[in-house]
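# Observations on the three-dimensional arrangement
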Amino acid sequence: MPDQDLLAKLCGTNDSNLHLIEKYLGVPVFTQGNEVSLGKADDQVIRQFQHIVDRITDEAAAGFDVGPDLMASILQLNQDGQRPEDFRDCGIIISGAVKKVYPKTTNQLRLVKALRSSDMVFCTGPAGSGKTFLMMAEALRLVLSGQVRSLVLTRPVVEAGESLGYLPGDLEQKINPYLRPLFDVINTLLPQGFGKKLMESGVIEVAPLAYMRGRTLNNSVILLDEAQNTTREQMKMFLTRMGEGSKVFVTGDITQIDLPQRTPSGLVHCLEILKDIPEITMITMESSDVVRNELVRKIVQAYEDNKNEAE
């Protein structure tokens, strides 16, 4: 290690990072002076150890916090067999954010790369798999770095079976409860009150899906959440709002469709008819990508197993 400060970041508080590495590799890790070494191990474990240490020190040297999120990303992706070069620039750095965002599974890594390389990205999968969080993080990175002018957030309003017209308050007050999950991500990533200022200034706009008809959104990131609850007509209308210099991110869970019976999902329909367009990327998350809580992962897996048995 070049210096004690870098070594301290590598080790973590009370050597917490070293303990995680030891548990992951199944081999003791030792420190002496500025050196970190591995107990007796085969060549493959040694290569894994070197890769893990290199990733941690690269992030620490760049000034980023070596905390649980980074460690989870490094160890899980290493376990998934990702090559060292696959990790390069995989984190999402948001200007003014409270932390850097890291993908924690191979599918999450694929999603981050797709968000950067494609102008239209669909991501489907179970709750807790990180699809909305990563899409919001990348959208905030784009708007706060000045690469796009605005971020437009929208969501179909069907969960409560109510029309917006019957809800109290102005339009913003009516739509806010439906977009609460997106606001939660903003408040997690940005300093307190910063997200509200961005909305007040119009940099971040919230809009019910039904109010987007007739608009053309240029130089923007447009994020549609809970897309499984769109109708075919709504989805076509939404996708054709895309203007010059814009990106479209769509997320949804096709196992949680809340539309009335016999109303086909616009998300399911468009995933089929648009699958052969090379400029569109589609990512599917699985139960193994659930990182919200270990118990949530088990719940999602149990439901998947039950569905498979029923079929």
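Residues numbered from 1 in each chain as written. Predicted model: local features only at pLDDT ≥ 70, side-chain atom pairs only at ≥ 80, totals over all residues. Heavy atoms only, no water.

Residues Met235, Met237, Phe238 and Leu239 constitute the buried set of helix 10 (residues 232-239). Against strand 3 (120-124), strand 4 (150-155), strand 6 (220-224), strand 7 (247-252) and helix 11 (266-273) lie the buried residues of helix 10. (Buried < 20%, exposed > 50% of the residue type's maximum accessible area, 1.4 Å probe, protein only. Helix = DSSP H or I, 4+ residues; strand = E, 2+ residues; numbered from the N terminus. Contact = heavy atoms within 4.5 Å.)

Glancing now at the pairing of strand 1 (residues 29-32). Two elements, strand 1 and strand 2 (residues 35-38), share four bridges in a ladder whose sense is antiparallel. Within strand 2, the residue paired with Gln32 across the bridge is Glu35. (Pairing = 2+ DSSP bridges.)

This part takes up the side chain of Thr124. Along the chain, the position of Thr124 falls in strand 3. Assessed through its relative accessible area of 8%, Thr124 is described here as buried. In this view, Thr124 contacts Lys131, Gly252, Leu267, Leu271, Ile283, Thr284 and Met285; residues no more than four positions away in its chain are not counted.

The end-to-end C-alpha distance of helix 5 (residues 106-117), which contains 12 residues, comes to 17 Å, matching closely the 16 Å that a straight helix rising 1.5 Å per residue would cover. Among the residues making up helix 5, those that are buried are Asn107, Gln108, Leu109, Leu111, Val112, Ala114 and Leu115. Close packing links the buried residues of helix 5 with helix 4 (68-79), strand 3, helix 6 (131-144), strand 7 and strand 8 (280-284). (Expected span 1.5 Å × (residues − 1).)

Our next topic: the pairing of strand 4. Buried residues dominate strand 4, accounting for six of its six residues. The alternating pattern of strand 4 places Ser150, Val152 and Thr154 and Leu151, Leu153 and Arg155 on opposite faces, both of which are buried. The pairing of strand 4 with strand 6 spans five bridges and is classified as parallel. Directly across from Leu151, in strand 6, lies its bridge partner Val221. Sheet analysis places strand 4 next to strand 5 (residues 204-208), joined by five bridges and oriented parallel. Residue Leu153 lies in a different strand from strand 5, and its bridge partner there is Val206.

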